[in-house]
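# A structural walkthrough
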Amino acid sequence: MGATITCARRVGAIKTEDGKIFYALFEKTYESNCYPHTPHWECVGFGPGEAMVRRIFSFGSETCGGMLRGPSRNLTPSGYIRTWMNELSNPKRLSDISITMKVVDKEFVSTGEIHINTLPNIKTRLEANGFGVVVDLLKTGGYRIDRLSEEAEVLHLILNGSMGWRFISPNDLTDEPAFDLGWNPPKGEAPTYELTGVYRIDQSDIIVVQKDDGTLGIGDHQYAIEDAFIKAYGNIEISHPGHWRKALKDLKKHFEEMPSLPDSARIAVDRENVERGFPQSADNLVSHMGSTSGILGKIPVYARNDLFYAREGVSIQVFDEKPKERIQKPEQLALI
């Protein structure tokens, strides 16, 4: 499976006639499984600061599972997000461009085009913000923005934060610093957040979680939990700016210090509750334990992924004993 390789990031900023600031995110990337490797710049987002912060944290979450990497190494979410936030606080000036939009009905949209199937959602966003006249013109087949500084909000609502490459070119970004337009909100009150996970299954990436009823069960893989936390943290960073570095450090420490589930933990398997087409995994667990209930130590390390696949039917009990020291694989030391 291929990954997106990111080489560099830049941010452009423009102030509208009514004093609002909008940002364009530019990233230089290529795909690892497409040859020849030809890094190229494109606009990957356009909108106000709040929307772009959410987008940056969404991008950062993709480093957790390895789908977004650097040219020669894996990236840490904190390092990748830091480069974006630095650019957002020190942007370059975005040219006050004109944009011609055309509504099309074809399989793949290209530069300057809007697919006709997206019009209902665009209509909802535009009308909710008082741009009904734009909707009427789009229905006739297209729309023209004469100056971005006059209608940046319209473009943002049409794009909904993504697909900026269709209307904004890397050539629209100047080298002129825009010090007065940087995203630099004052540091807010420290937020509170919940970190998921109680134990990990030894020699695996599977996390044991406490369910709503207080019992223990199988959660997700560590990278998926990290992904979800980082993606959601974009909203927290907007309401409590300036604390994201500590939050990601807390997340890293949480998993580094998480104990392994002891081999004496009792695993119960209810095959009837196993969904998503994995009843064979439940059968495998029962075979290893010798019954529908047994201790974790009876399940070989190589078979413990079946706990994840059968997780809807797995419950866990841990008795009063000190969990054994976690055996940590070297590559887990730098996930964040």
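Here the structure is shown first, and the text comes after it.
Report on the accompanying structure. (Residues numbered from 1 in each chain as written. Predicted model: local features only at pLDDT ≥ 70, side-chain atom pairs only at ≥ 80, totals over all residues. Heavy atoms only, no water.)

Now for the packing of helix α1 (residues 49-61) against helix α2 (residues 77-89). α2 packs onto α1 with a crossing angle of 155 degrees between their chain directions and a minimal axis gap of 9 Å. The orientation of α1 with respect to α2, classified from their angle, is roughly antiparallel. Between α1 and α2 lies a crossing of right-handed hand. The segment α1 lies against α2, with M52, V53, I56, F57, F59 and G60 engaging P77, Y80, I81, W84, M85 and L88. Looking at side-chain class alone, the contact of α1 with α2 contains 11 nonpolar, 1 polar and no charged residues. (Axes fitted to C-alpha atoms, helices over the stretch in contact; angles between N-to-C directions. Helix = DSSP H or I, 4+ residues; strand = E, 2+ residues; numbered from the N terminus. Parallel < 35°, antiparallel > 145°, perpendicular 65-115°, else oblique. Left-handed = near helix turned anticlockwise from the far one by under 90°. Contact = heavy atoms within 4.5 Å. Nonpolar A, V, L, I, M, F, W, Y, C, P; charged D, E, K, R; others polar.)

Of all 5 residues in strand β11 (residues 206-210), 4 are buried; the element is thus mostly enclosed. Note that strand β10 (residues 199-200) and β11 share 2 bridges and pair antiparallel. Within β11, the residue paired with Y199 across the bridge is V208. The turn linking β10 back onto β11 is made up of 5 residues, and Q203 within it adopts a positive phi angle of 65 degrees. Here β11 pairs with strand β12 (residues 216-221) via 4 bridges, running antiparallel. (Buried < 20%, exposed > 50% of the residue type's maximum accessible area, 1.4 Å probe, protein only. Pairing = 2+ DSSP bridges.)

The next subject is helix α5 (residues 148-159). Its 12 residues place the ends of α5 only 14 Å apart at the C-alpha level, less than the 16 Å of an ideal helix rising 1.5 Å per residue. Of all 12 residues that make up α5, 10 are buried, and the element is covered over most of its length. Among the residues of α5, those classed as buried are L148, S149, E151, A152, V154, L155, H156, L157, I158 and L159. (Expected span 1.5 Å × (residues − 1).)

Turning to the packing of aromatic side chains, a few remarks are in order. Inspection of the entire model under this criterion finds 9 aromatic pairs. When the ring of Y193 is compared with that of Y233, the centres are 6.0 Å apart and the planes differ by 80 degrees; the resulting orientation is edge-to-face. Here the residue Y193 occupies a position in the loop between β9 (173-177) and β10, and Y233 occupies one in helix α6 (residues 222-239), the gap between them amounting to 40 residues. Its relative accessible area of 23% is what places Y193 among the partly exposed residues. Residue class for Y233 comes out buried when judged on its relative accessible area of 0%. (Phe/Tyr/Trp six-rings, centres within 6.5 Å; stacked < 30°, edge-to-face > 60°.)

In this section: unusual backbone geometry. In this model, Y35 is joined to P36 through a cis peptide bond whose omega is -5 degrees. At Q203, a residue that is not glycine, the phi angle is positive and equals roughly 65 degrees. Mapped onto the secondary structure, Q203 falls in the loop between β10 and β11. Given the relative accessible area of 36%, Q203 is considered partly exposed.

Okay, the sheet that holds strand β6 (residues 99-104) next. Across the sheet, 3 strands lie side by side as β7-β6-β8; this open sheet has mixed pairing. Each having just a single partner strand, β7 (113-115) and β8 (142-145) make up the two edges of the open sheet. Strand after strand, the sheet turns through a mean of 20 degrees between neighbouring axes, direction not considered. In this structure, β6 lies alongside β8, joined through 4 bridges in antiparallel fashion. Opposite M101, over in β8, you have Y143 as the bridge partner. Contacts from helix α4 (residues 132-139) reach β6, β7 and β8, with the element oriented near 130 degrees to β8. The strands touched by α5 within the sheet are β6, β7 and β8, with β8 carrying the most contacts at an inclination of about 140 degrees.

Another aspect to go through is the nonpolar core. With 34 residues, the main nonpolar core has L25, F57, I81, W84, M85, L88 and I230 as its most contacted residues. Every element with two or more residues in this core is listed here: β1 (4-15), β2 (21-31), α1, α2, β11, α6 and α7 (244-256). Among the elements that take part in this core, α1 stands out by supplying 6 residues, more than any other. Beyond its immediate chain neighbours, meaning those up to four positions away, F57 contacts I81, M85, I230, K231, Y233, G234, E237 and W244. Counting 30 residues, the second largest nonpolar core, distinct from the first, contains F26, I97, I158 and L159. (Core = buried A, V, L, I, M, F, W, Y, C linked by side-chain atoms within 4.5 Å.)

If you trace the backbone, R304 turns up in the loop between β14 (293-295) and α9 (305-309). For R304, the side chain forms a polar contact with the main-chain oxygen of L296, separated by 3.4 Å. Setting aside residues no more than four positions away along its own chain, R304 makes contact with I201, D202, I206, D263, L296, G297 and I299. (Polar contact = N/O pair within 3.5 Å; in protein donor to acceptor, adjacent residues only side chain to side chain.)

To continue, consider helix α8 (residues 279-289). All buried positions along α8 are accounted for by S281, A282, L285 and M289. The buried residues of α8 all sit within an arc of 100 degrees when viewed along its axis, so they share a single face. Along its buried surface, α8 packs onto β13 (266-269), β14, α9 and β15 (314-317). G290 sits one or two residues past α8 and shows a positive phi near 90 degrees. (Arc of directions from axis to C-beta.)

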